[in-house]
Amino acid sequence: MNKGEPVQERETSQDIERIAAEWVVRADRAPLTASEVEALQDWLAGDRRRRGAFIRAKALWLRSESARALGPHYDPENFQSAPPPTEPPPARVERRRPMMKWSGALAASLVVVVMLVATLQMPTAYATAKGEMRTVPLGDGTTVTLNTDTQIKIYDADGRRRIRVLRGEVLIEGAGAASTLVEVDGKQLEGAAATFVVRKLKDQPAQVLVQDGRVVLAEDNQPTIPLAANTGASLLEDQEQGWQLQALSLGQLGRELAWREGKIALQGETLAEAVAVYARYSDTPIVIADPDLAQVPVTGLFTVNNPLGFSRAVAEVFGAEVRQEDDRIVIARAQ
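Notes on the structure follow. Residue numbers here run from 1 along each chain, matching the order of that chain's written sequence. With pLDDT at 70 or above as the cut-off, local features in this predicted model cover only qualifying residues; side-chain atom pairs require 80 or more to be listed or tallied, and sums for whole chains, interfaces and linings still use all residues. Processing note: side-chain calculations cover all non-hydrogen atoms of the structure and skip hydrogens and water entirely.

1. With respect to the overall build of the protein chain
Counting its regular elements, the protein chain contains eight helices and 16 strands. In the protein chain, once contacts between residues fewer than 6 apart in sequence are set aside, the share between residues at least 24 apart is 48%. When the accessible surface of the protein chain is split by element, carbon and sulfur atoms take 50% of a total near 19,500 Å². Under the DSSP-based scheme used, a helix requires at least four consecutive residues in state H or I and a strand at least two consecutive residues in state E, with every element numbered from the N terminus. Throughout, a contact is declared for two residues whenever any of their heavy atoms are within 4.5 Å. Note on areas: these come from Shrake-Rupley sampling with a 1.4 Å probe, and a residue is covered only by the protein chains present in the view.

2. Regarding the sheet that holds strand β15 (residues 320–325)
Strand order in this open sheet of three strands is β13-β16-β15, and the pairing throughout is mixed. The sheet is open, and its two borders are formed by β13 (286–288) and β15, each paired with just one other strand. Ignoring strand direction, the axes of neighbouring strands in this sheet form an average angle of 25 degrees. Pairing of β13 with strand β16 (residues 328–333) involves three bridges; the strand directions are parallel. From the neighbouring strand, Ile288 faces β16, where its bridge partner is Ile331. A pair of strands is labelled paired if DSSP reports no fewer than 2 bridges between them. Note on method: axes are straight lines fitted to C-alpha atoms, helices fitted across the in-contact stretch only, with angles between N-to-C directions ranging 0 to 180 degrees.

3. Brief notes about the packing of helix α6 (residues 271–281) against helix α8 (residues 307–317)
Running from amino to carboxyl end, α6 crosses α8 at an angle of 170 degrees, the nearest separation of the two axes being 11 Å. With respect to their mutual orientation, α6 and α8 come out roughly antiparallel. Here Leu271, Ala274 and Tyr278 of α6 lie close against α8, whose contacting residues are Pro307, Phe310 and Val314. Put simply, Ala, Val, Leu, Ile, Met, Phe, Trp, Tyr, Cys and Pro go in the nonpolar bin, Asp, Glu, Lys and Arg in the charged bin, and everything else, Gly too, in the polar bin. Its residues assigned to classes, the contact of α6 with α8 comprises six nonpolar, no polar and no charged. Note on terminology: angles under 35 degrees are roughly parallel, angles over 145 are roughly antiparallel, angles of 65 to 115 are roughly perpendicular, and the others are oblique.

4. Observations concerning the pattern of salt bridges
In what follows, salt bridge is the name for a side-chain nitrogen of Lys or Arg lying within 4 Å of a carboxyl oxygen of Asp or Glu. Enumeration according to the criterion identifies 14 salt bridges in this entry. Across the pair Glu325 and Arg323 runs a salt bridge whose closest N-O atoms are separated by 2.5 Å. Residue Glu325 pairs with Arg328 through a salt bridge whose shortest N-O separation is 2.9 Å. Throughout, exposure labels follow a simple rule: accessible area from a 1.4 Å probe, protein chains only, divided by the maximum for the residue type, with under 20% read as buried, over 50% as exposed, and the rest as partly exposed. When its relative accessible area of 24% is taken as the criterion, Glu325 is described as partly exposed. Overall, Arg328 belongs to the partly exposed group, its relative accessible area being 36%. Shared partners join several salt bridges into a network, and the residues in it are Glu169, Arg199, Glu256 and Arg280.

Below, the structure is given as structure tokens:
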């Protein structure tokens, strides 16, 4: 070894397990950027031990997150293997000794990863099934109400709440002074003492609807966009950045939030659009047999969990008929 050259210390197994756990947490909280993906791949390629540590950390993170749902009695120590017999038969000790040493090292490694994962802040996941609505208090006067078929994750990093909307529609009501950071489709918005809705529906751009207070939309390398009460914003399609803003009347906002009362409020939407809304709440499909009938406008207030009642009301207004076939409802022109 030449004098003057620094000695590069070999990374310990504990260091590798810790860094692997940190990468898993970072990837769970938000999609990795291109530069982060490249950094992760470079790190994995730097030592053959790292890929195995990353796989173990990811598996243990998923297991720990599931175990969290079991309640406060979850204990990472339960992952440890049972101790070997104190006095194994002498004839078998020599044959099993290499395996026992390897198993002991693996168990110790797994316990290290579990303890690292346990000390990191894990998200709390909430979800609703189709047709279900759920309200969850978060403390400091803030509540979230999940509409049908909705999934979110809530993090508390450095004393700051962050909500990630994975799918569906969620109403956030913040009565306290503490701000809440929300992520949807890779975008961020922040609200304090505000009441607003965030939507991430299938085949539709993400939306934000502000009922009260003030919400700020964050843009990468651009000034933030403030949203006042009675304002909506839709993420522009096919663009990495940008929101389209829209002023909302009290009537529009009331219709948009009718789901809180278990209602669907329609104001001139086509029958086909109304049926698409009902599909979010019910597994019973409504089929419109006549293409012209599908384009008629519909106005009214309907119950979200009664697709048959809705179909009958529409049929009566438009002189159509309703029939039930197998597990679906068919609306057709009267014969």
